[in-house]
Amino acid sequence: MNQTVAIVTGGGSGIGLAITEKFVQHNITTVIVGRDPEKLHQAKQKLGSLCVPIVADLSDLEAIPSLVKQVITQFGHIDILVNNAGINMKKDFIEVTNEDFLKVIQTNLVAVFALTREVVKAMLPNKKGSIINISSMAAQYGIPKVIAYSASKTAIEGMTRAMATELSPQGIRINCIAPGFIATDMTSKAFNADAERKNKAMGRTPMGVMGTPGDIGDAALFLATESSRYITGVVLPVDGGNSIGF
Ligand code: NDP
């Protein structure tokens, strides 16, 4: 079992792509999952043969067991899972429909639960594994107009702690990373269009600048590997000091 195998959901873009890049640089075979085949194809072109795309919509819970089976059939085992795929929805609270709320929860929480369960089944016989859930500052701080997103990320952190108590005795560690303001296409576009919003966000960030996707990649690599062998059940903020207050 020499080859280290990871799954990174949403590995075709933004933070997920940066995590995949770090893993590949450290010789970790990394299966990336997303809905858009073109995004995944471009990631593979960039990162080479250790990057293995699988097209899947994780909000389709029925598709998850066969996705995990496909990875096991191809590689024999899974060592690392990064639950990074996520969607956001910005709307006034009273405008959020039941369907809106359920859509965000389905992708950001229920799919994470279902995929993690299937991956843990594959990890248990090896008594070894590291799972990393990408949370957000929105789990701990009230941010207006992102109701379902905040609910999903807070739930992920609670689920992580509960799972860590149950799975750590079996050799499986599970942790969260809570990114602050990270310069992905999405956030850069929003900040470029609204300088006041960017200034406000940076004013609340002691380090005064946005993080890069690579900063999250470095943290994920640390939590994925033996360098963090005695760490489980934590939420690691990677946020330029945002969470300590100012
Ligand atoms: P992106 O929109 O670039 O990445 C999201 C990824 O998730 C995409 O690759 C997308 O791929 C994938 N995805 C979304 N829905 C599904 C689905 N149903 N099935 C499979 N894949 C899916 O955003 P970021 O890189 O910024 O965000 C990554 C994570 O980091 C998210 O969980 C986000 O909440 C978190 N985060 C980001 C912050 C930031 O500042 N950028 C701050 C805090 C947290 P595709 O479209 O191909 O399906």
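Residues numbered from 1 in each chain as written. Predicted model: local features only at pLDDT ≥ 70, side-chain atom pairs only at ≥ 80, totals over all residues.

Going by the annotation in an unreviewed UniProt entry, the name recorded for the chain is 3-oxoacyl-ACP reductase, with Niastella yeongjuensis given as the source organism. As recorded by UniProt, the Sequence similarities (unreviewed entry) comment attached to the chain reads in full: "Belongs to the short-chain dehydrogenases/reductases (SDR) family." (UniProt positions renumbered as here; feature names shortened; annotations may be inferred.)

On to helix H2 (residues 37-47). Residues lying three or four places apart along an α-helix face the same way, a consequence of the helix completing one turn every 3.6 residues. Lys39, Leu40, Ala43 and Leu47 are the residues of H2 that are buried. Projected onto a plane normal to the axis of H2, the buried residues spread over an arc of 95 degrees and lie on a single side. Counted as exposed and oriented over 90 degrees from the buried face of H2: Pro37, Glu38 and Gln45. Looking at the buried residues of H2, the elements they touch are helix H1 (14-25), strand E2 (29-34) and strand E3 (51-55). Positive phi appears at Gly48, one or two residues downstream of H2, with a value of about 90 degrees. (Buried ≥ 20, exposed ≤ 12 C-beta atoms within 10 Å, placed from the backbone. Helix = DSSP H or I, 4+ residues; strand = E, 2+ residues; numbered from the N terminus. Arc of directions from axis to C-beta. Contact = placed C-beta atoms within 7 Å.)

Within the largest apolar cluster, 57 residues are counted, with the highest numbers of intra-cluster contacts made by Ala6, Ile7, Ile177, Ile216 and Ala220. In terms of residues, this core owes the most to one element, helix H4 (residues 98-123), which gives eight residues. With residues up to four places along the chain from it excluded, the contact list for Ile177 reads Ile132, Ile134, Ser135, Ile216, Ala219, Ala220, Leu223, Leu236 and Val238. (Core = buried A, V, L, I, M, F, W, Y, C linked by C-beta atoms within 7 Å.)

Once that is clear, we can look at the site of the ligand. For the ligand, the set of nearby residues contains 28 residues, the closest of which are Gly10, Gly14, Gly34, Arg35 and Gly86. Among the elements of the structure, H1, E2 and helix H6 (185-193) are those that each provide at least two residues to the shell around the ligand. Among the elements that line the shell around the ligand, the one with the most residues is H1, at three residues. Across the shell around the ligand, the residue classes break down as 10 nonpolar, 14 polar and four charged. (Near = placed C-beta within 6 Å. Nonpolar A, V, L, I, M, F, W, Y, C, P; charged D, E, K, R; others polar.)

This part covers the pairing of strand E6 (residues 172-179). Most of E6 is tucked away, with eight of its eight residues classed as buried. Of the two faces of E6, the one lined by Ile172, Ile174, Cys176 and Ala178 and the one lined by Arg173, Asn175, Ile177 and Pro179 are each fully buried. In this structure, strand E5 (residues 129-134) lies alongside E6, joined through six bridges in parallel fashion. Opposite Ile132, over in E6, you have Asn175 as the bridge partner. Taken together, E5, helix H5 (residues 147-167) and E6 constitute a β-α-β crossover, and its handedness is right-handed. Where E6 and strand E7 (residues 235-238) come together, four bridges link them in parallel fashion. The residue bridging Pro179 from the neighbouring strand is Val238, located in E7. (Pairing = 2+ DSSP bridges. Right-handed = clockwise from strand over helix to strand, strands pointing away.)

Reading across from one edge, E3-E2-E1-E4-E5-E6-E7 is the order of the seven strands in this open sheet, with parallel pairing throughout. Looking at strand neighbours, the two that pair on one side only are E3 and E7, the edges of this open sheet. Pairwise comparison of adjacent strand axes, ignoring direction, gives a mean angle of 20 degrees for this sheet. Two strands pair when backbone bridges link them, and strand E1 (residues 5-9) and strand E4 (residues 80-83) are joined in this way by three bridges, in the parallel orientation. By the bridge assignment for E4, Ala6 is matched with Ile80. Sheet contacts for H2: E2 and E3; angle to E3, the most-contacted strand, approximately 175 degrees. Helix-sheet contacts for H4 involve E1, E4, E5 and E6, and the interaxial angle to E4 is about 175 degrees. (Axes fitted to C-alpha atoms, helices over the stretch in contact; angles between N-to-C directions.)

To continue, consider the packing of helix H3 (residues 64-75) against H4. Packing of H3 against H4 brings their axes to within 9 Å, and their N-to-C directions diverge by 35 degrees. The crossing of H3 and H4 is right-handed. In this structure, H3 contributes Ile64, Pro65, Val68 and Ile72 to the contact, and H4 contributes Ala114, Leu115, Glu118, Val119 and Ala122. A breakdown of the residues in the contact of H3 with H4 according to their chemical character gives eight nonpolar, no polar and one charged. (Left-handed = near helix turned anticlockwise from the far one by under 90°.)

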